[in-house]
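# Architecture and fold: a report
Listed here are the chains, written in short residue letters.
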Amino acid sequence: MELALLYSGGKDSSLSAVLLDRFYDVRCVTGTFGITDDWRHAERAAAELGFPFERIELEESAAREAVDRMYEDGYPRNGIQHVHEHALETIAELDVDAVADGTRRDDRVPTVSRAQAQSLEDRHDVDYLAPLSGFGRNAVDRLTEVTFDVESGPSEQIEKSDYEDELRALLAETHDVDAVAEVFPDHEQTYVRGRTD
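These numbers come from a predicted model, not from an experiment. (Residues numbered from 1 in each chain as written. Predicted model: local features only at pLDDT ≥ 70, side-chain atom pairs only at ≥ 80, totals over all residues. Heavy atoms only, no water.)

### Quick notes on the pattern of salt bridges
- A full pass over the atoms with the stated rule returns 15 salt bridges.
- Residues joined by salt bridges that share partners form a network here, namely Asp-12, Arg-104, Asp-106 and Asp-107. (Salt bridge = Lys/Arg side-chain N within 4 Å of Asp/Glu carboxyl O.)

What follows is the structure, encoded as structure tokens:
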């Protein structure tokens, strides 16, 4: 069975790929708006882990709407949620049996409700999986510590292929550079450089 996993190259999506690999033919899929070439970080991480990789184009209008929402809100949550939902809808249109993401039990954003998951499955005739939905951050940290070579650090310094870097670039372009620091709080990100097990 073919599965498309929304993939950033970070520990959550990488652990999801490893967990799902026993049951599916996992393809790591990164969505891009074409604003930066950060998707290449995910391509490199997927190759290091031995998974096929695909880059998909997301609609620029979704990024612009997300950035405007973030700027108005003064924080990124609703904008990132909007982009994540758009990315899931986009990969559900691929010729796959299932779609998945690396969302955890304690994630504040993005999240996928039961109703959203069921709607996605019904409309696209795919299964939606969130293999980490029962795992908290500490459990994920322990599992990834023994499985991967992980680099961690401030979000703006870590190579990654989630939506954040493209949204930061678009926010700076459409509003101003200072808006990026005002909207995005300081937080840690991860990037998987390979396996250790």
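Now that the structure is up, let's keep going.
### Remarks on the layout of surface pockets
- Of the volumes computed, that of the largest pocket is approximately 1200 Å³.
- Looking at the largest pocket, it is lined by 38 residues, and the ones nearest its centre are Asp-107, Val-109, Pro-110, His-187 and Gln-189.
- The set of elements that each furnish at least two residues to the lining of the largest pocket consists of helix H1 (11-20), strand E2 (25-32), helix H4 (77-92) and strand E7 (188-195).
- In terms of residue class, the lining of the largest pocket is made up of eleven nonpolar, 14 polar and 13 charged. (1 Å grid on protein atoms, 1.4 Å probe; cavity = no way out; pocket = protein on both sides within 12 Å on 5 of 7 lines; lining within 4 Å. Points joined across faces, edges and corners; volume = space filled by probe spheres on them. Helix = DSSP H or I, 4+ residues; strand = E, 2+ residues; numbered from the N terminus. Nonpolar A, V, L, I, M, F, W, Y, C, P; charged D, E, K, R; others polar.)

### Overview of the packing of helix H3 (residues 60-73) against helix H7 (residues 164-174)
- Orientation of H3 relative to H7, taken along the N-to-C sense of each, is 70°, at an axis distance of 10 Å. Relative to H7, the element H3 lies roughly perpendicular. Residue-level inspection shows Ala-63, Arg-64, Ala-66, Val-67, Met-70 and Tyr-71 of H3 in contact with H7, the latter providing Leu-167, Leu-170, Leu-171, Glu-173 and Thr-174.
- Broken down by class, the residue content of the contact of H3 with H7 amounts to eight nonpolar, one polar and two charged. (Axes fitted to C-alpha atoms, helices over the stretch in contact; angles between N-to-C directions. Parallel < 35°, antiparallel > 145°, perpendicular 65-115°, else oblique. Contact = heavy atoms within 4.5 Å.)

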